[in-house]
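# Geometric and topological summary
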Amino acid sequence: NFTAMYETPLEERMDKVIWGANVSSEHDFISLGGSGTFMRDINQRNTTLSAGFSFELDTIKPVGGSPIALNQMQVAGPSTRGGDESRSIVEMLLGVTQVIDRNTLMQFNYGLAVSNGYHNDPYKIVSVVDETTGVVVPGESLAGKYLYESRPDARTKHSVFSKVKRFVGGDVADISYRYMWDDWGIASSTVDMHYRFNLSRGWYLEPHVRYYSQQAADFYNTSITTTQADAIVAAGDNLTADYRLGEMNATTLGLKLGFLTPGGNKSSVRIEYYKQTSTANNVIGSQSSLDLLPDVDAVIMQFNYSF
């Protein structure tokens, strides 16, 4: 991965532009992107207006080729595969940051993202199960029948973000809220809170709490029946069992300790616990006794050093 940023002031240093470029490459994915953000200070520099634009072009090169949407997964079958795919993403951001008083800062942003092209995850499949038992039915060349997922070839996302930062008796409180919705039926809310206890000699302690909640896409199903599969394939509808597009909740609890090194450089140690729970739908027969979407638990540790 490579990222570069360049900031340049404009007239009387009241305006500035930040340019960005990024390149990301993996064995089956290449992404090229660029961005530009214009910022202007007004109202005796108590208000900052910002407008940003970014563009990204992705090339998806799945191992073995791109699966043809809604085809059955086979032991071997080049007819179920296509070539490389691509996707473009254009994003726009409008924001305002306002000084409320000597101790309080507020921020509000609106974001719009429009993407076109290949949105499928080439490695995701959907199980086709018996209408009564919930057991996976036999496939054409596999013991089970699995369909490659199909997502729309376009997506429009909107988001609103608000943040308040306040100096409280020597400490700093920071709380933000983000709401996102799109034309796939997904809507999510994120609440993020930090409180920095400033200690002596450059030391500080910062607890962190984050909560995320998401509703499922219109075309999400944990699994589907044979009747549903026949109807979806015949109509060429969209379908996914990717838990990332399903209903979920996630909580993060963390603590960060910051300090100065003997040489005066900034350092910090952060530890966080992350827990994600997902909700299965279209549960049939014996599936009710199975943990179809296990919880995700993770512990994250990070050390930062700047000079």
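Refer to the structure presented above.
All values derive from a computational prediction rather than experimental measurement. (Residues numbered from 1 in each chain as written. Predicted model: local features only at pLDDT ≥ 70, side-chain atom pairs only at ≥ 80, totals over all residues. Heavy atoms only, no water.)

### Regarding the sheet that holds strand S10 (residues 146-148)
The sheet built from three strands is open, its strands ordered S10-S9-S15 with mixed pairing. Every interior strand has two partners, whereas the edge strands, S10 and strand S15 (224-225), have only one. Here three bridges tie strand S9 (residues 125-129) to S10, and the two strands are oriented antiparallel to one another. Its bridge partner lying in S10, Ser-127 is registered against Tyr-146. (Pairing = 2+ DSSP bridges. Helix = DSSP H or I, 4+ residues; strand = E, 2+ residues; numbered from the N terminus.)

### Regarding the environment of Tyr-273
You can see Tyr-273 is positioned in strand S17 (residues 266-279). On the accessibility criterion, Tyr-273 (35% relative accessible area) is partly exposed. Counting along the chain gives 20 residues from Tyr-273 to Leu-253, while the straight-line C-alpha distance between them is 5.3 Å. Residues in contact with Tyr-273, not counting those within four places in the same chain, are Thr-251, Thr-252, Leu-253, Asp-297, Ala-298 and Val-299. For Tyr-273, the side chain forms a polar contact with the side chain of Asp-297, separated by 2.4 Å. (Buried < 20%, exposed > 50% of the residue type's maximum accessible area, 1.4 Å probe, protein only. Contact = heavy atoms within 4.5 Å. Polar contact = N/O pair within 3.5 Å; in protein donor to acceptor, adjacent residues only side chain to side chain.)

### Examining the pattern of salt bridges
Enumeration according to the criterion identifies 15 salt bridges in this entry. Put simply, Glu-149 and Arg-151 hold a salt bridge, and the shortest N to O gap is 2.6 Å. Each member of the pair, Glu-149 as well as Arg-151, carries the same accessibility label: buried. What you see here is one network of salt bridges that share partners, running through Asp-121, Glu-149, Arg-151, Asp-242 and Arg-244. (Salt bridge = Lys/Arg side-chain N within 4 Å of Asp/Glu carboxyl O.)

### Digging into the side chain of Thr-47
If you trace the backbone, Thr-47 turns up in strand S4 (residues 47-60). A distance of 2.4 Å separates the side chain of Thr-47 from the side chain of Gln-98, its partner in a polar contact. Once residues lying within four places of it in the same chain are set aside, the contact partners of Thr-47 are Arg-40, Asp-41, Ile-42, Val-96, Thr-97 and Gln-98.

### Observations concerning the pairing of S17
Pairing of strand S16 (residues 247-260) with S17, which is carried by 14 bridges, proceeds in the antiparallel orientation. Paired with Leu-255 across the bridge in S17 is Ile-271. Inspection of the sheet shows S17 paired to strand S18 (residues 296-306) by 11 bridges, in the antiparallel sense. Within the sheet, the bridge partner assigned to Glu-272 lies in S18 and is Ile-300.

### Structural notes on the nonpolar core
Counting nine residues, the largest nonpolar core is built from Leu-70, Val-126, Val-128, Val-137, Leu-147, Ile-224, Ala-229, Ile-232 and Leu-239. Counting only elements with at least two residues in this core, the list comes to S9 and helix H1 (226-235). Core analysis: the next-biggest nonpolar cluster, separate from the first, contains eight residues, Trp-184, Ala-217, Tyr-220 and Leu-245 among them. (Core = buried A, V, L, I, M, F, W, Y, C linked by side-chain atoms within 4.5 Å.)

### Looking at the side chain of Thr-190
Locating Thr-190 in the fold gives a position in strand S13 (residues 187-198). Beyond its immediate chain neighbours, meaning those up to four positions away, Thr-190 contacts Ser-176, Tyr-177, Arg-178, Arg-210, Tyr-211 and Tyr-212.

### Observations regarding the environment of Ala-154
When you line up the elements, Ala-154 lands in strand S11 (residues 154-168). Here Ala-154 falls in the partly exposed class, since its relative accessible area comes to 27%. Separated by 29 residues in sequence, Ala-154 and Ile-125 have C-alpha atoms that sit 20 Å apart. Other than its neighbours up to four places away in sequence, Ala-154 contacts Ser-115, Asn-116, His-119 and Trp-184.

### Some points on the packing of aromatic side chains
Scanning the model with the defined rule gives five aromatic pairs in all. Above the face of the Trp-184 ring, Arg-155 is positioned so that its terminal group lies 4.4 Å from the ring centre. Looking at Arg-196, its charged tip hangs above the ring of Tyr-204, at a distance of 3.6 Å from the centre. (Phe/Tyr/Trp six-rings, centres within 6.5 Å; stacked < 30°, edge-to-face > 60°. Lys NZ or Arg CZ within 6 Å of the ring centre and 35° of its normal.)

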